[in-house]
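Take a look at the letters that make up each chain.
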There are 4 protein chains.
Amino acid sequence: MSGTRNAQGDNRPIRLGMVGGGRDAFIGAVHRIAARLDGHFELVAGAFSATAEKSLASGRDLGLPDDRIYGDFAQMARREARLGKGIEAVAIVTPNHMHYRPAREFLRRGIHVICDKPLTATLTDARKLVKLAERSEALFVLTHNYTGYPMVRQAHAMVEDGDLGSLRLVQVEYAQDWLSEKVEDTGLKQAGWRTDPERSGAGGSTGDIGTHAFNLAQFVTGLEVDELAADLHSFVEGRRLDDNAHVMLRFRGGARGTLWCSQVAPGSENGLKLRVYGDRGGLEWHQEEPNRLWFTPLGEPKRLITRNGAGAGAAAGRLSRVPAGHPEGYLEGFANIYAEAAAAIRARRAGTAPEAAVTFPTIRDGLAGMAFIDACVRSSKRNAAWTKLAL
Amino acid sequence: MSGTRNAQGDNRPIRLGMVGGGRDAFIGAVHRIAARLDGHFELVAGAFSATAEKSLASGRDLGLPDDRIYGDFAQMARREARLGKGIEAVAIVTPNHMHYRPAREFLRRGIHVICDKPLTATLTDARKLVKLAERSEALFVLTHNYTGYPMVRQAHAMVEDGDLGSLRLVQVEYAQDWLSEKVEDTGLKQAGWRTDPERSGAGGSTGDIGTHAFNLAQFVTGLEVDELAADLHSFVEGRRLDDNAHVMLRFRGGARGTLWCSQVAPGSENGLKLRVYGDRGGLEWHQEEPNRLWFTPLGEPKRLITRNGAGAGAAAGRLSRVPAGHPEGYLEGFANIYAEAAAAIRARRAGTAPEAAVTFPTIRDGLAGMAFIDACVRSSKRNAAWTKLAL
Amino acid sequence: MSGTRNAQGDNRPIRLGMVGGGRDAFIGAVHRIAARLDGHFELVAGAFSATAEKSLASGRDLGLPDDRIYGDFAQMARREARLGKGIEAVAIVTPNHMHYRPAREFLRRGIHVICDKPLTATLTDARKLVKLAERSEALFVLTHNYTGYPMVRQAHAMVEDGDLGSLRLVQVEYAQDWLSEKVEDTGLKQAGWRTDPERSGAGGSTGDIGTHAFNLAQFVTGLEVDELAADLHSFVEGRRLDDNAHVMLRFRGGARGTLWCSQVAPGSENGLKLRVYGDRGGLEWHQEEPNRLWFTPLGEPKRLITRNGAGAGAAAGRLSRVPAGHPEGYLEGFANIYAEAAAAIRARRAGTAPEAAVTFPTIRDGLAGMAFIDACVRSSKRNAAWTKLAL
Amino acid sequence: MSGTRNAQGDNRPIRLGMVGGGRDAFIGAVHRIAARLDGHFELVAGAFSATAEKSLASGRDLGLPDDRIYGDFAQMARREARLGKGIEAVAIVTPNHMHYRPAREFLRRGIHVICDKPLTATLTDARKLVKLAERSEALFVLTHNYTGYPMVRQAHAMVEDGDLGSLRLVQVEYAQDWLSEKVEDTGLKQAGWRTDPERSGAGGSTGDIGTHAFNLAQFVTGLEVDELAADLHSFVEGRRLDDNAHVMLRFRGGARGTLWCSQVAPGSENGLKLRVYGDRGGLEWHQEEPNRLWFTPLGEPKRLITRNGAGAGAAAGRLSRVPAGHPEGYLEGFANIYAEAAAAIRARRAGTAPEAAVTFPTIRDGLAGMAFIDACVRSSKRNAAWTKLAL
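What counts, and at which threshold
- Residues numbered from 1 in each chain as written.
- Chains lettered and ligands numbered in written order.
- Predicted model: local features only at pLDDT ≥ 70, side-chain atom pairs only at ≥ 80, totals over all residues.
- Helix = DSSP H or I, 4+ residues; strand = E, 2+ residues; numbered from the N terminus.
- Rg over C-alpha atoms; globule rule 2.2 N^0.38 Å.
- Buried ≥ 20, exposed ≤ 12 C-beta atoms within 10 Å, placed from the backbone.
- Contact = placed C-beta atoms within 7 Å.
- Core = buried A, V, L, I, M, F, W, Y, C linked by C-beta atoms within 7 Å.
- pLDDT = per-residue confidence, 0-100.
- Domains from an automatic or database assignment.
- Least-squares fit on C-alpha atoms with pLDDT ≥ 70 in both.
- Axes fitted to C-alpha atoms, helices over the stretch in contact; angles between N-to-C directions.
- Parallel < 35°, antiparallel > 145°, perpendicular 65-115°, else oblique.
- Left-handed = near helix turned anticlockwise from the far one by under 90°.
- Nonpolar A, V, L, I, M, F, W, Y, C, P; charged D, E, K, R; others polar.
- Pairing = 2+ DSSP bridges.
- Right-handed = clockwise from strand over helix to strand, strands pointing away.
- Expected span 1.5 Å × (residues − 1).
- Arc of directions from axis to C-beta.

**Focus on the overall build of chain A**
Move 1: Within chain A, the regular secondary structure consists of twelve helices and 14 strands.
Move 2: Relative to the 2.2 N^0.38 estimate, which gives 21 Å for 391 residues, the radius of gyration of chain A is 20 Å and therefore close to what a compact globule would have.
Move 3: Burial status across chain A gives 65% buried among its 391 residues.
Move 4: Residue pairs at least 24 apart in sequence account for 70% of intrachain contacts in chain A once pairs closer than 6 positions are excluded.

Structure representation (structure tokens):
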């Protein structure tokens, strides 16, 4: 992950388009940095807003020529597909309800899709998209970016290597505080769509951050949630979607756990934390200190493994750019997903297999996330009855 | 809490007896230090073991004269009650199933009881003991010792003062790892009775540490759990009681929360942690760093309040012995319960009201704890159905 | 620092060349990411190695056309200066002794220089370069990258705003462990030149990391070291330059402090830590947890200020890309220096003043760093006698 | 350290007297708790104040009979020595200038002395006291209490066992903030004598806390400081003794280090921290989190060793009372010194050798501390010239 491109193969940057991500959008800017950080992608086109003028202004801010700035994702898909040097991949960074249709248009035309999470606004759309994606020659990459952190990969590798023994417990949480008050009424755009079932889907905190926690837990442990019991609640009066969820988990194979996500926990910024315990050891990782991983083998002193430091293995090293003690953060983790997408795209360009197995999150992870939201909502409506994930 | 005794009143040490706590017992030694630390109590008698020789040997270790060492708590209760300078209070530090009967004998004779938790082995016994205690002139003090930590008192005071606003969320957990393997089969005495339903009651980790977590949550918040949904499990094959519990909580008044207790989480020593969130702020406290309390008012920088440091109020200061930065720990917190018990006992001696309201845990807290275990077990049997506490 | 370019002005990327930074070099890759991260620069040319073939291979790795890959910095300076679209700025990322001559060549031709630290290998060269730079129309930017961390800017602003009162104490340290053994003998390139006085100059750890600590202390406090007493030592037998330094500091105006730098402290990765105390409060910052800043006003609870969180001001916010709780790290801090350089270069392009005062480290900081090394070496030779900085 | 007394031998509590420690004194109360905590001592007499009425009132607070409360240490020494059951040991807890004379009186009479640090107010007195003590049959115990922490013993054992290899570096500091303002003018008794050369001696922060840091460094490493260069300063205007000291250290055998002590560092409570580095590993310990010890073997993951947890050895376990994860603190560490003193005193009673080598701090440690203060003051007067310790 040195920032150098593959010297053997075709190392030209991949031509990238973007849907959404106009001025004031948060996640669009993140995707652009992630795409650019290692030099694997070059942003060449975009439909940055549903309003043509806003899209134009945003695209100009980004230095794009006017003829590659679109007011409409469908128009962009059609035209870029016909250009000799049209986009090879598209990043979809719109609110949830606007993932499905753009993804469909680009996949149909063989343009690789890099899509923000959750996959769609409804489980029905998710299922349709899975079918489309699996019939398409194009790749579908879901930016569950937290799995891109090197020490998350380290954790995954340690579990896989049996360092924890047989897994018993998974405790995962994602706590924030930015929705502690009814900020959706103040015009805050980020809060507006996230608390609106029309745009966000059936899950509030569950969809926005619970899916990240769920994905992280499944990624690190390699386990699948079989059933869950969820107590969803909106603490802020008048809020239309859950802003807090307590979820008990039962995994296939017998492990159990809990998932807590909240957007009303004052003092919490992006408190995504994972703890996994097996019969031989435990692991603990916090997103806010991502370069550190605690490993606690039963009956031995606690060990703190640092990114690129002693004890960190190849899975983490491969995604590291700087030495131990020089922190890498959220953007680097996000860029790792883009870098893995780039490697896969280049392998397709070259007609070769990628060097390693696919590690970035795929549409199947997206479907699992939608099934998680769906199960949470159904369980909570039945007073937290145990509910199977409908995969 | 200066270690000086009340100068105004009768400052002779209170004569204390002990039931249980012989050689090799852990908690008996803790009670003795807690009783002695501030000079409020003097151990003068004991029935340290059900085996007379062991009791004698243990009592001699402690420097007691042979005629104050008993082989039987009933004999001790009878004789001490008749002595001119017999014990004024007794510490009961036996396994759970041996709390009820000794407590009954001493309460009947007007001897104050300081009893380890949980209150009894069964909810039925607990209810009977409540009646006995409330008819007795003697005090009943339950050593939910974690409420004796100064910063737990600080947290309680801050919630009461409204610093967090209206409470919404309570996350509490108590994780250990010492039962990760089947150590009850190795002859480890501590593990033996804790995993034996005959001696421990219906709860395993639930009773041993879950009750502490439950008590701490209720103490700090002043809220009462109305109903819970519990998923209890024994991960270690052949274990007869739960070694892990996931519990969702609904409090009267609308707050919600989760409680996790585990004795199979490698790397966890005594990981009792409490987080409370209201609409205006949050609090976080860890038993392993007990001199620190995080206060996170919404929209302001996080604040770290230290025992006896700036921002710590009278409730904490009253229970502190040394300046900020000089850590006080588990024994001091335990001793604070004894010190408060001593103040109440002295007030009874003097026929006066105690200076402040009762703050030590009482038999009512013990009953609540038993109702918690009972509800957990019932809920878990019904596949984690919501279950009211039977108070 | 949104990753969007200045919409008002000329937002084309700045054409960047590089001297050094070939395959296997660490800091060259860092500079390239930092330059690219916000899209302000585009690498278009380079003399990546003194060996022509290596330079060519490295440049091709980076996707550069062969005619922009040079075997020699002088040739690159001459040719690029004549090209219509030649480089506008050059990053010099060679070992210390190879800073002065390239810098001179580019400055002479009006090409902006972004140079790694320390400024040069000798104080004499540094003084000459200052004269050259101050006569040149081109900018000189020194990548003391740690000053690019948002919370370092926050600390600087708080000191300037008087939040600490009158400064008394500055404790700064930078500890590593990678030279604990004689790795320079194993062929490790990074260690080879850093322990070689011919290439590194008179300072070992003093020059490599001590200058960072020194620069950070002066930047945050706004104070200047007047004199110092230094005890330099090489613990590893046969090492030619210091691998550890203890330095006592006296600042103009009366503040005092210590600086410790070490490359032989096992367990230390990049342990750069700064603590500043005034008569009204203190600050503490660690490079390994860069998104956090402790502020300890005298007599008030400790406060933890987080990047983009409550209590963080404009100086930090201006250099932040993602919300609080999503960590930014070393590369982002480094990129902030590049972004500020870009703003200054664009202002020169446009013939306007930059929006804000220069905040990136300049050649004057570089001279101060060289004076620091020089004073340390002179003091240590005189058995740690107090020695004035020869500025 | 179970709180049980030695069952084989004479397990009656040792009769203890106290000089100083009247109402409002801080350290006297600490000594009393430490003496009482494990039941090894019983306070039976005292000269608590130079004012007879104050002494009487203080003694009565403590429940002593009037005939064992003295207005004068000399009278106490004379009378107690003649009593059949007079004191066997005395705790001297007065300001520094009042250590020498009482110690002399009790030593002369064969009464064991447990004395607070620093040893005396002057190096001359210290030397005289060493002679007296070494001629006396009574023990002399100096309460450098921080060496009583179990994890400090663990650190000592690990150094001794060679876990760090050959020692190179020792970084020690003790920072407080309580003298940041001129509180000695406000009537604060603790500040009054500590800033008064007549009562405190030549060292301010150097004597009060620097000696602790010095002692801790020497204890853990087993190394002796050969020479030092000290920059002492009083930041608070009009203060008569140093409130901050920067000291560079050179140990016999080649290790080097720094010592920083300060009482004007806002936000610092009792920030005593030690870091030791050898060629094979490092150690780090903080007094404010005393149950944890970081061990960082070169090239291996960092390890966190906890008191009574995995990896902690016999030296720590012997001084622990409760399981890992139940914090022990300042008072327990202090009590460990008292417990070791008790073991030695009982061995003398029994005419047997103590079970283990003497581990509590002795008068030789006190002399070293006085030599440290003396060298600091002399060095600082000569502008931080290197100065040998005059042992």
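The rest of the description comes next.
**Digging into the nonpolar core**
Move 1: Counting 511 residues, the largest nonpolar core has V113 of chain A, V113 of chain B, V113 of chain C together with V113 of chain D as the members making the most contacts within it.
Move 2: Beyond its immediate chain neighbours, meaning those up to four positions away, V113 of chain C contacts V90, I92, A103, F106, L107, A138, F140 and V141 of chain C.

**A word on the confidence of the model for chain A**
Residues and elements named next belong to chain A.
Move 1: Of all residues in chain A, 96% attain a pLDDT of 70 or more, and the chain-wide mean is 95.
Move 2: Note that residues 1-8 has pLDDT below 50 and, in this model, 25 contacts with residues that lie over four places away or in other chains.
Move 3: Our summary of model confidence lists the complex with pTM equal to 0.96 and ipTM equal to 0.95.

**Points about the domain arrangement of chain A**
Buried accessible area, meaning the area lost when the parts come together, often serves as the stated size of an interface.
Residue and element names in this part refer to chain A.
Move 1: As far as domains go, chain A holds domain 1 (14-146 + 341-362) and domain 2 (150-322 + 367-388).
Move 2: Centre-to-centre separation of domain 1 and domain 2, based on C-alpha positions: 26 Å.
Move 3: Contacts between the two partners involve 18 residues from domain 1, matched on the other side by 21 residues from domain 2.
Move 4: In terms of residues, the side of domain 1 that touches domain 2 owes the most to one element, helix 5 (residues 123-135), which gives four residues.

**Thoughts on the relation of the copies chain C and chain A**
Related by rotation about an axis and a shift along that axis, the two copies of the chain form a pair.
Move 1: With an RMSD of 0.0 Å, chain C superimposes on chain A once it is rotated by 180° and translated 0.0 Å along the axis. Classification of the inter-copy transformation places it as that of a two-fold axis.
Move 2: By residue overlap, the copies meet face to face through one surface: 97% of the interface positions of chain C are interface positions in chain A.

**So, the packing of helix 5 (residues 123-135) of chain D against helix 12 (residues 363-381) of chain D**
Residue and element names in this part refer to chain D.
Move 1: Two numbers describe how helix 5 lies on helix 12: the axes approach to 9 Å, and their chain directions differ by 165°. In terms of their interaxial angle, helix 5 and helix 12 are classed as roughly antiparallel. Handedness of the helix 5/helix 12 crossing: left-handed. Note on element contacts: helix 12 touches helix 5 through I363, G366, L367, M370, A371 and D374, opposite L123, A126, L129, V130 and A133.
Move 2: Of the residues contributing to the contact of helix 5 with helix 12, the split by class is nine nonpolar, one polar and one charged.

**Here we look at the interface of chain C and chain A**
Move 1: At the junction of the two partners, chain C supplies 37 residues and chain A supplies 36 residues.
Move 2: Those elements giving two or more residues to the side of chain C that touches chain A turn out to be helix 1 (26-37), helix 2 (52-61) and helix 11 (330-350) of chain C.
Move 3: Taken together, the residues of the side of chain C that touches chain A sort by class into twelve nonpolar, 13 polar and twelve charged.

**Section: the sheet that holds strand 2 (residues 41-47) of chain C**
Residue and element names in this part refer to chain C.
Move 1: Taken in spatial order, the five strands line up as 2-1-3-4-5 in an open sheet, and their pairing is parallel. The open sheet has two free edges, formed respectively by strand 2 and strand 5 (140-142), since each of these has just one partner strand. Adjacent strand axes in the sheet meet at a mean angle of 25°, parallel and antiparallel pairs treated alike.
Move 2: Of the pairings in the sheet, the one linking strand 1 (residues 14-19) to strand 2 comprises six bridges and is parallel in character.

**Re the packing of helix 1 of chain C against helix 11 of chain C**
Residues and elements named next belong to chain C.
Move 1: The geometry of helix 1 relative to helix 11 is characterised by a closest axis approach of 8 Å and an angle of 65° between their N-to-C directions. One way to sum up the angle between helix 1 and helix 11 is to call them roughly perpendicular. Between helix 1 and helix 11 lies a crossing of right-handed hand. Contact residues: helix 1 offers V30, I33, A34, A35 and L37, while helix 11 offers L331, F334, A335 and Y338.
Move 2: Partitioning the contact of helix 1 with helix 11 into residue classes produces nine nonpolar, no polar and no charged.

**A look at the interface of chain B and chain D**
Move 1: Between chain B and chain D, the contact holds 37 residues from the first and 36 residues from the second.
Move 2: Elements that contribute at least two residues to the side of chain B that touches chain D include exactly helix 1 (26-37), helix 2 (52-61) and helix 11 (330-350) of chain B.
Move 3: Residue contributions to the side of chain B that touches chain D peak at six residues, all from helix 1 of chain B.
Move 4: Across the side of chain B that touches chain D, the residue classes tally to twelve nonpolar, 13 polar and twelve charged.

**Digging into the relation of the copies chain B and chain D**
Move 1: Superposition of chain B onto chain D requires a rotation of 180° combined with a translation of 0.0 Å along the rotation axis, giving an RMSD of 0.0 Å.
Move 2: A high fraction, 97%, of the interface residues of chain B reappear at the interface in chain D, so the copies pair face to face through one surface.

**Focus on the sheet that holds strand 2 (residues 41-47) of chain A**
Residue and element names in this part refer to chain A.
Move 1: The strand order 2-1-3-4-5 describes an open sheet built from five strands, whose pairing is parallel. Both edges of this open sheet fall to strand 2 and strand 5 (140-142), since each of them pairs with a single strand only. If you compare each strand with its neighbour and ignore which way they point, the axes differ by 25° on average.
Move 2: Relative to strand 3 (residues 89-92), strand 1 (residues 14-19) runs parallel, the two sharing four bridges. Pairing of G17 across the sheet is with V90, part of strand 3.
Move 3: Along the sheet, helix 3 (residues 73-82) makes contact with strand 1 and strand 2, crossing strand 2 at roughly 130°.

**Digging into the environment of R252 of chain A**
All names here are of chain A.
Move 1: Structurally, the position occupied by R252 is in the loop between strand 8 (244-251) and strand 9 (256-262).
Move 2: R252 sits 28 residues away from E224 along the chain, and the two C-alpha atoms are 5.8 Å apart.
Move 3: Look past the residues within four positions of R252 in its chain and what remains in contact with it is L223, E224 and D226.

**Considerations on the pairing of strand 3 (residues 89-92) of chain B**
The side chains of a regular strand alternate, residue by residue, between the two faces of the sheet.
Move 1: Burial along strand 3 of chain B is two-sided: the residues A89 and A91 of chain B and V90 and I92 of chain B are all buried.
Move 2: For the crossover that starts at strand 3 of chain B, traverses helix 4 (residues 100-108) of chain B and ends in the parallel strand 4 (residues 112-115) of chain B, the hand is right-handed.

**Focus: helix 1 (residues 26-37) of chain D**
Move 1: When the terminal C-alpha atoms of helix 1 of chain D are compared, their 17 Å separation across twelve residues agrees well with the 16 Å that a helix rising 1.5 Å per residue should span.
Move 2: For helix 1 of chain D, the full list of buried residues reads I27, G28, A29, V30, H31, R32, I33, A34, A35, R36 and L37 of chain D.
Move 3: Buried residues in helix 1 of chain D make contact with helix 1 of chain B together with strand 1 (14-19), strand 2 (41-47), strand 3 (89-92) and helix 11 (330-350) of chain D.
Move 4: Just downstream of helix 1 of chain D, G39 of chain D is the residue with a positive phi angle, here 75°.

**Details of helix 2 of chain B**
Residue and element names in this part refer to chain B.
Move 1: Within the sequence span of helix 2, burial applies to S55, S58 and G59. The buried side chains of helix 2 occupy one side of the element, clustering within an arc of 100° when seen end-on.
Move 2: Those residues of helix 2 that are buried lie in contact with strand 2 (41-47).
Move 3: One or two steps after helix 2, the chain reaches G63, where phi turns positive at roughly 80°.

**Describing unusual backbone geometry**
Move 1: With an omega dihedral of -10°, the bond running from K117 of chain C to P118 of chain C counts as a cis peptide bond.
Move 2: Topologically, P118 of chain C is positioned in the loop between strand 4 (112-115) and helix 5 (123-135).
Move 3: Non-glycine residue N308 of chain A carries a positive phi angle of around 70°.
Move 4: Structurally, N308 of chain A is set in the loop between strand 13 (302-306) and helix 10 (314-317).
Move 5: For A384 of chain C, which is not a glycine, the phi torsion comes out positive at approximately 70°.
Move 6: Judged by local crowding, A384 of chain C falls into the buried class, with 23 C-beta atoms found within 10 Å.

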